[in-house]
Amino acid sequence: MPLIPLDGGVVDAAGIRTFALSVQTGTTPFRNGVNTNTLGYNGSLLGPALKLRRGEKTSIRVQNQLDEETTVHWHGLLIPAEVDGGPHQVIAPGAQWKANFTVNNPASTCWFHPHTHGSTGRQVVMGLAGLLIVEDPAQAGSELPGTWGVDDLALVLQDKRFTPLGQIDYALTAGDRLNGYTGDVLLVNGATAPVWQAPRQWVRLRLLNGCNARFLTLRLGNGAPMLQMANESGLLAAAVTRQSITLAPGERAEALVDFSNVASGQDVSLLAATATGGMSMGMGGGTGASEVTAMKCRVSLPRQPGAITQPPSAMASAPAVAASVGATVRTFNLGGGMMSSQFTINGRVFDMGRVDLAVPAKTIEIWKFTNATGMAHPIHVHGVRMSLLARDGAPPPAYEHGLRDTFIVQSMETVTVAVETAEVASPTPLMFHCHILEHEDAGMMGQFITV
Ligand SMILES: [Cu+2]
């Protein structure tokens, strides 16, 4: 089982925690005897998990060793627009870019990936994705498994498609342009159905749907529930018992799983049912909903010293964003896609030179996203604190509480969110977009500035 390496960075003489990322080419042996060309951060495929601490001054130096432009977007981080790593912060081939910021997120599992307009989907499929593990000293009392790779396991789930010669196939079909790119192989941390040697105790799974377009519904093969204790932007006030967890592209969840009573040596599978936002698309080229074994937990290690004996009854969750009566309401209509693969927001396709909205800084507004298309779209808003208020007027379920950065808007649904903008105004645009990367690349994206 390949583990995502945890990188704690180095604190320099000025007290700034510094990290270095090299965006590079490499090869990965996905299949016997074939070296597949891939991209990675500090390696051939994927990237490290950068361990950030709330309140710390942080500097991430990115060296682009590719022969094409890229950007590095810190998905979920509440940082100034200038260092967000969106499509305006292009890193030329051979160039270096530095993101300097103070970490302002609660404890959470965020991630980083390219946001290069028009080539995000390809660069992610080629392997560019890493994790951001945020710790918050004020939440340190939460008793949760936290030994990396031992009882705290990060899983990057992605699908890929290969050419007959074993290279990554990113030749988009008409179906890919409509539904988003789907592969026929599901990889976990870059491996097909890996086996993890798990301890007989409670463990924590950090789940990232890093697919371009596939929605994943995850469950345990032994029928045991998962206790979801965090969604993508932080801890829930109390864990929610779930038989399955559905994640759209870009979304994360954290779950506690109990292996205490699993017989030693036995496998517990993590199963993934896969679909696109529009229709069920089976793995292996078939259609119809299908379920595959994403990975296996081989419960073979003894209970580790310091393991928790029961999940915490309450956790130090970050406060949600609440909107007051009279707050400005903005509407976003998700459209298109009927006879073409052109998706729009408020009737428009993304234009790098057009600012769609100017929003006051340090303000809470109500944003309503209505999906008039025939498929679901996961919406991601950059650089704001955000909480779900309602789905079609009804309060969201408990596992959707707290801070969010990405949320699903189902076909014909309206999702209402409270959005709190950055403290300091900035003329640099921030993005709001569909996280099906082929929709994003084709222009299902808008940008706002703070004034
Ligand atoms: Cu979309």
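### Some points on the overall build of the protein chain
(1) Moving on: Scanning the protein chain from N- to C-terminus turns up 3 helices and 32 strands.
(2) Moving on: In summary, the protein chain has a C-alpha radius of gyration of 21 Å against a globular reference of 22 Å for 451 residues, a match within 12%.
(3) Moving on: Structurally, the protein chain occupies a C-alpha span of about 60 × 50 × 50 Å along its principal axes.
(4) Moving on: Per-residue burial over the protein chain gives 57% buried out of 451 residues.
(5) Moving on: In the protein chain, 75% of the contacts between residues at least 6 apart in sequence involve partners at least 24 apart.
(6) Moving on: Counting every atom, the protein chain has about 16500 Å² of accessible surface; 52% of that belongs to carbon and sulfur.

### Brief notes about the environment of Thr28
(1) Moving on: Inspection of the secondary structure assignment puts Thr28 in strand β3 (residues 17-31).
(2) Moving on: Overall, Thr28 belongs to the buried group, its relative accessible area being 9%.
(3) Moving on: Among all residues touching Thr28, those that are not within four sequence positions of it are Val34, Asn35, Thr36, Thr38, Ser44 and Leu45.

### Side note on the sheet that holds strand β16 (residues 215-220)
(1) Moving on: The sheet built from 5 strands is open, its strands ordered β14-β22-β21-β16-β19 with mixed pairing. Two strands bound the open sheet, and with one partner strand each, they are β14 (195-199) and β19 (245-247). Sheet twist, expressed as the mean angle between neighbouring strand axes with direction ignored, is 30 degrees.

### Concerning the nonpolar core
(1) Moving on: Within the largest apolar cluster, 45 residues are counted, with the highest numbers of intra-cluster contacts made by Val62 and Trp74.
(2) Moving on: Here this core spans two domains, since at least three of its residues come from each of domain 1 (6-139) and domain 2 (152-301).
(3) Moving on: Apart from residues no more than four positions distant in its own chain, Trp74 is found in contact with Leu21, Ile60, Val62, Ile79, Val83, Asp84, Trp97, Ala99, Trp111, Phe112 and Leu132.
(4) Moving on: Among the nonpolar cores identified, the runner-up in size contains 31 residues, and Ala81, Ala248, Leu334 and Val419 belong to it.

### Here we look at the coordination of the copper ion
(1) Moving on: Coordination sphere of the copper ion, protein contribution only: His377 (ND1), Cys434 (SG) and His439 (ND1), at 2.0 to 2.1 Å.
(2) Moving on: Exposure remark for His377: the relative accessible area of 0% places this residue in the buried category.

### Observations regarding the sheet that holds strand β17 (residues 226-231)
(1) Moving on: One open sheet accounts for 7 strands, arranged β13-β12-β11-β15-β20-β17-β18; its pairing is mixed. At either margin of the open sheet sits one strand with a lone partner, and together these are β13 (191-192) and β18 (234-242).
(2) Moving on: Of the strand pairs in this sheet, strand β15 (residues 202-209) and strand β20 (residues 252-258) are connected by 7 bridges, and their pairing is antiparallel. Paired with Leu207 across the two strands is Ala253, which belongs to β20.

### So, the pattern of salt bridges
(1) Moving on: Within this structure, the stated rule accounts for 22 salt bridges.
(2) Moving on: Its salt-bridge partner being Glu254, residue Arg204 comes within 2.7 Å of it at the nearest N-O pair. Taken together, the residues span a long stretch of sequence, with Arg204 in strand β15 and Glu254 in strand β20 at a distance of 50 residues. Across the pair, Glu254 and Arg204 agree in class, each one buried.
(3) Moving on: Note that Glu420 and Arg385 form a salt bridge whose closest N and O atoms lie 2.4 Å from each other. Of this pair, Glu420 sits in strand β30 (residues 414-420) while Arg385 sits in strand β28 (residues 385-391); the two residues are 35 residues apart in sequence, bridging distant segments of the chain.
(4) Moving on: On the accessibility criterion, Arg385 (23% relative accessible area) is partly exposed.
(5) Moving on: Through salt bridges with shared partners, a single network forms among Glu232, Glu251, Arg391, Glu400, Arg404 and Glu413.

Criteria and thresholds
- Residues numbered from 1 in each chain as written.
- Predicted model: local features only at pLDDT ≥ 70, side-chain atom pairs only at ≥ 80, totals over all residues.
- Heavy atoms only, no water.
- Helix = DSSP H or I, 4+ residues; strand = E, 2+ residues; numbered from the N terminus.
- Rg over C-alpha atoms; globule rule 2.2 N^0.38 Å.
- Buried < 20%, exposed > 50% of the residue type's maximum accessible area, 1.4 Å probe, protein only.
- Contact = heavy atoms within 4.5 Å.
- Areas by Shrake-Rupley, 256 points an atom, 1.4 Å probe, with all protein chains shown as cover.
- Pairing = 2+ DSSP bridges.
- Axes fitted to C-alpha atoms, helices over the stretch in contact; angles between N-to-C directions.
- Core = buried A, V, L, I, M, F, W, Y, C linked by side-chain atoms within 4.5 Å.
- Domains from an automatic or database assignment.
- Donors = N, O, S within 2.8 Å, 3.2 Å for Na, K, Ca; no water.
- Salt bridge = Lys/Arg side-chain N within 4 Å of Asp/Glu carboxyl O.

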